[in-house]
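Residues per chain are reported as follows:
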Amino acid sequence: MSIVECKDVKKAYRQDHLFVQALGGITVTVARGAFVAIAGPSGSGKTTLLNLIGGLDTADSGRITVDEKTVTSMRQSELAVLRLYKIGFVFQSYNLIPVLSALENVEYVMLLQGVPQRERRERACSILDEVGLKEMYHRRPAELSGGQQQRVAVARAIVSNPSIVLADEPTANLDSKTGKELLQLMEKMNEEREITFIFSTHDQMVMDYARRLIILRDGLVTDDRSRDP
Amino acid sequence: MHLQLAWRNIWRNPRRTTIITIAVVVGVWSMLVVGALDRGMIDQMVRNAIATLTGDIQIHHDGYRSDPVIENSIADPKDVHNALARHLPEGSFWTARVRVNAIVSNARYSTGVTLVGIDPESEARVSFIKTAVVDGHYLASDDTTGILVGRALVDKFETKVGHKLVLMSQDTEREIASRAFRITGTFRAELEATERQFVFVNKAAAQEMLKAGNGISEVSLFLPDHETVDMVRDKLKASLPPAYEVETWRELLPIITAYLSIMDSWIFIWYLVVFIAMGFGIVNTMLMAVFERIREFGLLTALGMKPWWIIKGVLLEAFFLLIMGMAVGNAFGFASVFILNRTGIDLSALGAGAEYVGLPRVIYPTVYIQDVITANVVVFVLGLLITIYPAAKASRFTPVEALAHI
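Since we're looking at a predicted model, the values are computed, not measured.

Draft legend 1. Spotlight on the pairing of strand 6 (residues 164-170) of chain B. All names here are of chain B. Only one face of strand 6 is buried: it carries Leu165, Leu167 and Ser169, and the other face, with Lys164, Val166, Met168 and Gln170, is open. Strand direction decides the pairing type here: strand 2 (residues 93-105) and strand 6, joined by 3 bridges, are antiparallel. By the bridge assignment, Ile103 is partnered in strand 6 with Met168. Here strand 6 runs beside strand 7 (residues 176-187); their pairing, made up of 7 bridges, is antiparallel. When the bridges of strand 7 are listed, Met168 appears paired with Ser178.

Shown next as structure tokens:
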């Protein structure tokens, strides 16, 4: 059963006075519980596709459904609700709130969801323990290493049990050892919690970890292959 | 956590937060202190005017106010005495005066003055004159030759207590009446003009000199509760024949009354001027704070935060800035008013300029609670209102643009 369906999705950007075709008609489906990498050179449309699936941007044409909800016909307020409850994000540059501690960063999403304080605290502690940051609850992002910050970002993305986590170049700012540990962590979350992970990457290690690899070039899918189990 | 986040956000840049807080502090402080000084000044002007000779209410014969000659006096004050006995509230005081224009002279100088014939005992309870004597002594009830003169007039005439002065005025028979008096005392008044304008003699002496019989020019009343002036005026008016004019200090002092009536508007305009200067600072600071955190607002939107929540977050930051500034500004404002209440602001250096507009020599601030509330409401409400602009900007960043922002 698919959790993401993209059908003939097109997106163009205006750059100065030129239109740049970022996606030229993408049709792809992602099964629930998948661990998928979207790879390709810079400008191939990886991040654009991820943004469209996550409802951060709107497609010019085509249709995208996420967890049986048609993202392409949603209003901004509906997209905000979808992102809040169904989608977790992990960004290349971590994007933690610098004035909040690791624990508070993880709690913050649940605060927006209206989860009661005690439950928020319990779930945030539990997920931070799970990502290996038991001793780091009260450290602010500036007091954490890049790998630790990205673990907090992963914890924030999965703490509210989303259907899908979209990770845009999650290992790009990490050394290979830390990147590997992060991938192992996300793989574990994928297996244990059955959360679908979709990465955009040009990191070979991420491609190697992914069970399915979609290659984009010039806004079109040029290859789509699954790794043998 | 929203409160914690807002509080921590404003301290990301302590220098900027300190500067904008100082701007709010200075704004609130100046609103309170300038407002209190204005109120204090006008209050003193009213108090001085009432205590000098005006009183809360005056009764005259019809026509006296437009032509203050002895012929327009109250020939037989019996009706007035009866009305006062019936309608004055307990604790009120009143006095009857003869008041005409006159010329005072000695061997070297002469000048126009207002001759005021007083009953020393009752006058002492209504006006400033008994307590204002600084040299010599106050008039005795049976002293028909004594005269009280202002310090400024004594200096001008180069005379002193014990010396003679001659008063000259028109009597009821339209003849020139004159009489010599001996200076029994000199007085100081809040305004030097008062010292030069008024001379005081015994009422009986004035009546005799002016051939006025029992006639008086005015009755001045001092009420225990100044708020009851209109009610007492109406009662007296109703019980006196139409030949009498009964007026409150508001009608007797039209310039001060006009000044009072524009005071509220003037203070509010002052608040707005201060706020506009302060408001630019607040908007500028909040815009800087917003543009520094574009990525963060993009992240919050990406996480599913609704635009209204972002607006609320920025408003919360402004709330903390305003509350801090208001708290410190109020504290400084009240401290300044407290100190100025002890020392006053001495306007003597302004001399004749201050006299000309009727300003007291020393101004003491007076705090009106409604001014304090208005100043704080103006700063708080308008402060939050103008923050809506940067807050709305923050809420309009799209996640894709914001997260791509370097």
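Draft legend 2. The arrangement of the nonpolar core in detail. Formed by 117 residues in total, the largest nonpolar core has its most connected members in A:Tyr108, B:Ile59 and B:Leu236. Excluding anything up to four places from it in sequence, B:Ile59 contacts B:Ile74, B:Val80, B:Leu84, B:Ser217, B:Glu218, B:Val219, B:Leu221, B:Leu236, B:Leu240, B:Tyr244, B:Glu245 and B:Val246. Grouped together as the second largest cluster of nonpolar side chains are 45 residues, A:Tyr94, A:Leu96, A:Ala210 and A:Ile215 included.

Draft legend 3. Seen up close, the domain arrangement of chain B. The domains assigned to chain B are domain 1 (2-49 + 256-404) and domain 2 (57-222). Each of domain 1 of chain B and domain 2 of chain B has a C-alpha centre, and the two are 51 Å apart.

Draft legend 4. Broad picture of the interface of chain A and chain B. Listed as interface residues are 24 residues of chain A and, on the opposing side, 21 residues of chain B. Between chain A and chain B the total buried area reaches about 2,100 Å² when both faces are included, carbon and sulfur atoms providing 69% of it. Among the residues of chain A in contact with chain B, A:Val99, A:Tyr108 and A:Leu112 are the three that bury the most area, contributing 26% of the side total. Here chain A and chain B share 1 salt bridge between them. For A:Glu104, the salt bridge identified is with B:Arg8, shortest N-O distance 2.5 Å. Seen at the junction of chain A and chain B, the total is 6 residue pairs in polar contact (both at pLDDT 80 or more). Considering each element in turn, the side of chain A that touches chain B owes the most residues, 6 residues, to helix 3 (residues 102-113) of chain A.

Draft legend 5. Expanded view of the pattern of salt bridges. One pass over the structure, following the stated rule, counts 31 salt bridges over all chains. Across the pair A:Glu181 and A:Arg151 runs a salt bridge whose closest N-O atoms are separated by 3.7 Å. One end of the pair, A:Glu181, is in helix 6 (residues 176-193); the other, A:Arg151, is in helix 5 (residues 146-158), and 30 residues separate them in sequence. The class of A:Arg151 is buried, set by a relative accessible area of 16%. For B:Glu218, the salt bridge identified is with B:Arg99, shortest N-O distance 3.0 Å. Note that B:Glu218 is positioned in strand 9 (residues 218-222) and B:Arg99 in strand 2, a separation of 119 residues in sequence. For the pair formed by B:Glu218 and B:Arg99, the shared burial category is buried. What emerges from the salt-bridge pattern is a single network uniting B:Arg97, B:Arg99, B:Glu123 and B:Glu218.

Draft legend 6. Main features of the sheet that holds strand 6 (residues 87-90) of chain A. Residue and element names in this part refer to chain A. Sheet architecture is open: 6 strands sit in the order 6-7-8-3-9-10, paired in mixed fashion. In this open sheet, the two strands that pair with only one neighbour each are strand 6 and strand 10 (220-226). This sheet shows a mean twist of 15° between the axes of neighbouring strands, independent of strand direction. Across 4 bridges, the pairing between strand 3 (residues 35-39) and strand 9 (residues 212-217) is parallel. Directly across from Ala39, in strand 9, lies its bridge partner Ile215.

Draft legend 7. Structural detail: the sheet that holds strand 5 (residues 69-70) of chain A. Residue and element names in this part refer to chain A. Ordered in space as 2-1-4-5, the 4 strands form an open sheet in which the pairing is antiparallel. If you trace the sheet from one side to the other, it starts and ends with strand 2 (18-31) and strand 5, each paired once. Examined bridge by bridge, strand 4 (residues 61-66) and strand 5 share 2 bridges and lie antiparallel to one another. Residue pairing across strands places Thr65 opposite Thr70, the latter belonging to strand 5. In the packing of helix 1 (residues 46-53) onto the sheet, contacts are made with strand 1 (2-15), strand 2 and strand 4, and the angle to strand 1 comes to roughly 120°.

Draft legend 8. Summary view of the environment of A:Ala34. All names here are of chain A. Among the secondary structure elements, Ala34 is positioned in the loop between strand 2 and strand 3. Separated by 156 residues in sequence, Ala34 and Asn190 have C-alpha atoms that sit 7.8 Å apart. The contacts of Ala34, once residues within four sequence positions are left out, are Asn190, Ile195, Thr196, Phe197 and Arg211.

Calculation criteria
Residues numbered from 1 in each chain as written. Chains lettered and ligands numbered in written order. Predicted model: local features only at pLDDT ≥ 70, side-chain atom pairs only at ≥ 80, totals over all residues. Heavy atoms only, no water. Buried < 20%, exposed > 50% of the residue type's maximum accessible area, 1.4 Å probe, protein only. Helix = DSSP H or I, 4+ residues; strand = E, 2+ residues; numbered from the N terminus. Pairing = 2+ DSSP bridges. Core = buried A, V, L, I, M, F, W, Y, C linked by side-chain atoms within 4.5 Å. Contact = heavy atoms within 4.5 Å. Domains from an automatic or database assignment. Buried area = accessible area lost by both parts, 1.4 Å probe. Salt bridge = Lys/Arg side-chain N within 4 Å of Asp/Glu carboxyl O. Polar contact = N/O pair within 3.5 Å; in protein donor to acceptor, adjacent residues only side chain to side chain. Axes fitted to C-alpha atoms, helices over the stretch in contact; angles between N-to-C directions.

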